[in-house]
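# An overview of the molecular structure
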Amino acid sequence: MSIQLTPETLRKALMIAAAGVAAVVLGLVILVAVAVQGLPDYKQLADYRPPVTTRVHAGDGSLIAEFATEHRVFVPIQEIPDHVKQAFISAEDKSFYSHSGLDYAGLARATLTNIASIFTGDRMQGASTITQQVAKNMLLTSDRTIMRKIKEAFLAQRIERALDKERILELYLNQIFLGRQSYGVGAAALNYFDKPLDRLTLAESAYLGALPKGPNNYDPVSKNDRAVERRNWVLTRMVDNKFITQEEADAAAAEKLVAVNRLSEDKYVASAHFVEQVRREVIARLGEKQLKEGGLSIRSTLDTRLQLAAAQSLRKGLEQYDRRHGWRGPVARVSADGNPGDALRNVAAPPRLTGWSKAVVTQATGNQVRIALADGAQRQLANEDVTWAAAGARNKKERALTPGAAIYVQCPAAGRCSLKQVPQVEGSLVAMNPHTGRVLALIGGYDFRLGDFSRVTDAQRQPGSSFKPIVYAASLDPCSAENQRGCGLTPATLIDDAPFAVAAGDGTVWAPDNYNRDSFLGPTTMRVGLERSLNTMTARLVYEMGPERVFDYAARLGVYDPSKRNLAVFSLGLGVGETTPLRLTTAYAMFVNGGRRIDPIYIDRIQDRDGVSLRRQDQRECAGCNAPWNGQAAPQIADVREQVIDPITAYQVVSMSQGVVERGTATVIKTVGKTLGGKTGTTNDYKDAWFVGFSPDLVVGVWVGFDQPRSLGEGESGGRIAAPIFRDFMAEALKRETDTPFRMPAGVRLVRVDARTGQVPSAETVDTIIEAFRPGSEPTEMYASSPLIIGRGEMGFPGAENGPSLSPTTTTAGPRQDDGLGGLY
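Right, let's walk through the structure included here. This structure is a prediction, so every number in the text was calculated from the model and none was measured. (Residues numbered from 1 in each chain as written. Predicted model: local features only at pLDDT ≥ 70, side-chain atom pairs only at ≥ 80, totals over all residues. Heavy atoms only, no water.)

### Structural notes on the sheet that holds strand S16 (residues 603-607)
Strand order in the open sheet formed by 5 strands is S2-S1-S3-S16-S17, and the pairing between neighbours is mixed. The open sheet has two free edges, formed respectively by strand S2 (63-67) and strand S17 (613-616), since each of these has just one partner strand. Adjacent strand axes in the sheet meet at a mean angle of 15°, parallel and antiparallel pairs treated alike. Direction of pairing for strand S3 (residues 297-300) relative to S16: antiparallel, over a ladder of 4 bridges. (Pairing = 2+ DSSP bridges. Helix = DSSP H or I, 4+ residues; strand = E, 2+ residues; numbered from the N terminus. Axes fitted to C-alpha atoms, helices over the stretch in contact; angles between N-to-C directions.)

### Some points on the pattern of salt bridges
Counted under the stated rule, the structure contains 42 salt bridges. Of the charged contacts, one joins Glu204 and Lys195 as a salt bridge, the two residues approaching to 3.1 Å between their closest N and O atoms. Look at Glu204 and you get buried, because its relative accessible area is 11%. A relative accessible area of 18% means that Lys195 is categorised as buried. A salt bridge links Arg596 to Asp639; its shortest N-O distance comes to 3.9 Å. Linking Arg596 in the loop between helix H21 (581-592) and S16 with Asp639 in the loop between S17 and helix H22 (647-663), this pair joins segments that are 43 residues apart in sequence. (Salt bridge = Lys/Arg side-chain N within 4 Å of Asp/Glu carboxyl O. Buried < 20%, exposed > 50% of the residue type's maximum accessible area, 1.4 Å probe, protein only.)

### What to know about the side chain of Asn514
Residue position: Asn514 is located in the loop between strand S14 (509-510) and strand S15 (522-525). In this structure the side chain of Asn514 is engaged in a polar contact, spanning 3.0 Å, whose partner is the side chain of Asp497. Separated by 3.1 Å, the side chain of Asn514 and the backbone nitrogen of Thr536 make a polar contact. Setting aside its immediate chain neighbours within four residues, Asn514 contacts Asp497, Ser519, Phe520, Leu534, Asn535 and Thr536. (Polar contact = N/O pair within 3.5 Å; in protein donor to acceptor, adjacent residues only side chain to side chain. Contact = heavy atoms within 4.5 Å.)

### Remarks on the packing of aromatic side chains
Per the counting criterion, the structure on display carries 17 aromatic pairs. Look at Phe467 and Tyr560: their rings are 5.8 Å apart centre to centre, the planes differ by 35°, and that puts the pair in the tilted class. Highlighted residues: Phe467 in the loop between strand S11 (439-443) and helix H17 (468-476) and Tyr560 in the loop between helix H20 (547-556) and H21, separated in sequence by 93 residues. Neither residue differs from the other here; Phe467 and Tyr560 are each classed as buried. A cation sits over an aromatic face here: Arg323 above Trp388, 4.1 Å from the ring centre. (Phe/Tyr/Trp six-rings, centres within 6.5 Å; stacked < 30°, edge-to-face > 60°. Lys NZ or Arg CZ within 6 Å of the ring centre and 35° of its normal.)

This is how it looks when you write it as structure tokens:
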């Protein structure tokens with residue numbers, strides 16, 4: 001059946017078509033009107049201040065960390081090299097400088113190509129100009145809708161009328177996402193190549209220009225071939241646009257594409273706990289938004305050389321302790337057949353900074369154990385490690401090194417590999433400048449990946465005998481009208497080292513032992529008591545002074561909060577009150593600096609993105625510091641630190657602590673060959689091992705123990721575990737330093753005395769020592785035959801005619817309190 005085409009039919013058809021066209025046009029008009037009505041204000045682009053990365057630098061200026069929601073380093077357009085700009089223009093919008101926001105020719109080309117792609121299945125092409133991308137990235141969403149494209153087109157044209165081309169390109173190059181958490185070309189240059197923009201090669205610039213279409217598709221590590229192909233395509237486009245010559249393109253295309261993992265270097269890994277402390281402090285002061293978006297420049301106190309030395313020393317000490325306590329078995333069980341890389345893929349990576357590798361046991365016969373590394377290399381375990389593992393696996397088959405055992409090893413370039421295991425024991429190390437409080441190194445645990453808990457700042461542990469210098473400081477200070485007991489003593493004062501017991505107030509008797517339980521020296525100088533860490537002498541002294549006085553000194557030095565007066569008990573002197581390694585190390589710093597108060601400092605200065613200082617640690621005024629130099633003397637800056645203990649007292653404690661290293665419980669440290677002092681600490685049942693020590697300009701605290709307190713093992717004292725860690729760290733820290741003596745305050749009298757009696761040497765003297773005295777307290781001939789002995793009752797205390805004293809006592813009733821009552825060694 002045919003339809004008769006009449007004028008009337010044609011008229012109706014044209015009317016219907018016209019109505020349809022009108023409807024479409026009306027729909028488009030309404031759609032455009034709605035889109036235009038809801039356009040965001042493009043004028044905000046004139047004051048573009050995007051979120052910018054906050055960067056943390058060490059004291060020497062080297063970068064140690066970054067914080068950001070969008071990693072961005074804003075770079076003004078005039079600072080962006082031409083090759084970088086040309087690479088992006090060639091790849092994204094070759095007509096950028098000639099169009100008015102929309103590239104109509106490009107749009108037509110893309111439309112025709114996309115129609116063909118419907119039938120061929122090829123990827124659709126976009127036609128957005130750089131200006132349109134600015135509109136989308138900064139003012140719109142990324143929704144793939146017609147409404148968004150219409151808004152994008154209108155905004156692009158408005159932006160072109162409001163801003164010049166250079167400003168639009170600046171916005172684009174600083175806003176676009178380029179992978180690896182990089183927003184903008186400045187951050188991308190750093191995160192891919194660890195270079196500022198002005199040091200990029202042509203090949204590297206072209207690679208960045210290849211990324212906007214999909215950074216994950218052109219990853220330089222996992223998809224290197226595709227990335228090189230895309231980079232070379234950009235180079236070809238740059239030639240077509242006459243930005244570079246063919247010769248330059250060929251030379252750039254011949255370069256290998258090698259990216260770096262910028263924040264994976266040892267100094268970044270080692271600094272993790274310190275950086276976490278900085279993060280907490282900045283958030284507490286300025287808020288998280290300012291930290292992650294404010295583009296702050298934070299100059300920290302960290303010394304990267306000392307930080308790395310601290311990490312290595314602590315790990316070495318923990319691993320040595322762990323090895324003494326046996327092999328605990330493989331990390332996992334995997335297939336010993338096939339590709340070792342595939343077998344080990346899901347095995348946890350070894351700790352960073354160790355140089356360890358994953359391996360699988362492929363053959364085990366007698367004392368011969370063969371292994372395969374993840375890269376397929378075949379190696380063999382050292383015989384002593386096989387023997388060590390066999391001892392740990394005795395009667396425990398699950399620990400045996402049988403085929404399929406996944407293990408950690410450390411392999412030299414040639415020779416046999418060493419078997420390794422991650423320690424269960426934990427530890428911490430903090431180093432600071434004793435004069436300023438600037439924290440130079442902080443290691444809060446074996447591996448930050450195992451948790452951000454910092455055992456320097458957060459762990460509350462008993463200090464044991466490392467608390468004793470505070471007890472002696474309290475007794476060395478001069479007497480006052482309010483204080484007439486246990487004061488004004490000297491390092492040469494004799495204190496009776498004999499069995500001691502006192503009612504604990506709860507029906508029990510507290511009777512502390514020395515480390516060598518049944519060995520007592522009788523009347524012994526205070527110096528020797530500290531050097532040998534004699535518990536009964538310390539307990540007797542606390543009894544004579546009263547625990548309240550000891551607590552007051554500990555609170556004054558910041559070891560305990562003043563509110564915790566419940567700690568003022570007799571056992572306090574042996575370190576039963578919990579504190580943090582940071583607090584105790586800070587207290588020791590005040591001995592070294594002459595008794596001046598300091599507080600730990602992590603940040604020297606914070607500046608905002610515009611260079612304005614938001615916080616400066618040193619707020620002291622310095623008249624004349626900025627004056628032109630005309631040969632005048634350097635300006636004097638006032639010392640405003642509070643004097644918390646007498647400077648002579650502080651020096652006497654330092655002098656006695658030096659004896660701990662030279663003759664006492666920490667002689668293992670003497671091999672450093674520098675002027676050092678300090679004190680070991682071991683709590684009951686060997687639950688905590690400490691060493692806190694110092695040089696004239698560096699104070700260091702080391703703690704070792706289990707997070708859930710349990711015994712470290714018989715004999716695992718502070719002198720055996722913690723002191724060697726301190727030794728190894730100080731050997732590295734001080735290797736460039738000239739040795740100097742400890743600073744002596746004015747008024748100290750240095751007198752040679754009998755090392756055993758503390759009195760003026762006589763014909764019976766065997767050994768002498770130079771001792772530090774407060775003026776008027778040094779021994780004279782008159783008292784040489786009648787020394788003061790605390791605890792024997794021969795004499796009262798200076799300034800107290802009838803001061804109390806104790807006679808040697810043994811425990812006759814009640815259980816002896818050992819557990820949790822303080823230091824051993």
